[in-house]
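If you want the building blocks of each chain, they are given just below.
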Amino acid sequence: MTAPLIAIPTYHLGAGQVGSWEGAYALPELYVGALRSAGARTALLPPAQPFPAEELLAPFDGLLLAGGGDIEPARYGAGEHPAQYGIDPDRDGLELELATAAVRLGLPTLGICRGAQLLNVAFGGTLVQHLPEHEGLVEHRNQAKQAMHGLKVEGGSRLAAALGQVEAQGVSHHHQGLDRIGDGFRPVAWAPDGLVEGIERDQDWTVGVLWHPESTVHADPAQLRLLRDFVDAASQRGQGFWRQRPEPVGFTGPEPTPA
């Protein structure tokens, strides 16, 4: 059985950020390693591709939307904020198109941190632009050390089934949060302060989490189960595709002459 192939969009690095290169496309290695540990193959997609999202997704069995910089505030009807960083319009454009196309296609999709925010925005949701401006919240980001907090997950949700439990611990590295939840999504996980940490759709395997399962996948069985559940969903889609009778492609030569 062929391992499922997961697409992961990358982000752009400007000139001079990688040696003397004029630019580069990048993704933290942890995402690739975590998916490999869960049994998947991976392929990276650079932004600014002049092709329809459905065409880009055609070879893949699943889509992972990774963490990174902030989404353009205008994408969810907000203004510029002094704490925003890492804005990449090309990445936003590609990922928003991929997210909506993946849902239309029923393609298993996991959004992590920024990826969960992107899923929310893609379906009309909004974001809290800077959590430190709000009092009474647990630590969701710490530049000096790894922040971690508890999680409560709705029993009976797809996310709870994937984790195999309704309470967990997650590495947190986000300064923005989910505000109005996007159409078709529902909240299914919360931090101790009540901030929504996980969303999902009732149909197909589409889940977004604000914490970073890839950071603790080798130490926390629950996070590995989450990634394996995603990969298993992608595998089932892939098996269904490859069971189809292939159509002949190209010229195979003349029919043999009967003896």
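Let us look at the structure shown here. (Residues numbered from 1 in each chain as written. Predicted model: local features only at pLDDT ≥ 70, side-chain atom pairs only at ≥ 80, totals over all residues. Heavy atoms only, no water.)

Listing the buried residues of helix H1 (residues 29-37) in full gives Tyr 31, Val 32, Ala 34 and Leu 35. Summarising the axial view, the buried residues of H1 lie within an arc of 165 degrees, below the 170-degree limit, and thus occupy one face. For H1, the exposed residues set more than 90 degrees away from the buried face come down to Glu 29 and Arg 36. In the segment just after H1, Gly 39 is the residue with positive phi, at about 100 degrees. (Buried < 20%, exposed > 50% of the residue type's maximum accessible area, 1.4 Å probe, protein only. Helix = DSSP H or I, 4+ residues; strand = E, 2+ residues; numbered from the N terminus. Arc of directions from axis to C-beta.)

Let us look at the environment of Thr 126. Take Thr 126: it is sitting in the loop between helix H4 (114-122) and strand S7 (127-128). The spacing of Thr 126 and Ala 78 is 48 residues in sequence and 8.4 Å in space, taken between C-alpha atoms. In this view, Thr 126 contacts Tyr 76, Asn 120, Gly 177, Leu 178, Asp 179 and Arg 180; residues no more than four positions away in its chain are not counted. (Contact = heavy atoms within 4.5 Å.)

Turning next to the pairing of strand S12 (residues 196-201). Buried residues dominate S12, accounting for 6 of its 6 residues. For strand S11 (residues 185-190) and S12, the ladder comprises 5 bridges, and the chain directions are antiparallel. Bridge assignment links Arg 186 to a residue of S12, and that residue is Glu 200. Counting the residues between successive antiparallel strands, the hairpin from S11 to S12 contains 5 residues, one of them, Gly 194, with a positive phi of roughly 95 degrees. The sheet contact formed by S12 and strand S13 (residues 206-209) spans 3 bridges and is antiparallel. Residue pairing for S13: Glu 200 is matched across the bridge by Val 207. The turn joining S12 and S13, which pair antiparallel and follow one another in sequence, is formed by 4 residues; a positive phi near 60 degrees is taken by Asp 204. (Pairing = 2+ DSSP bridges.)

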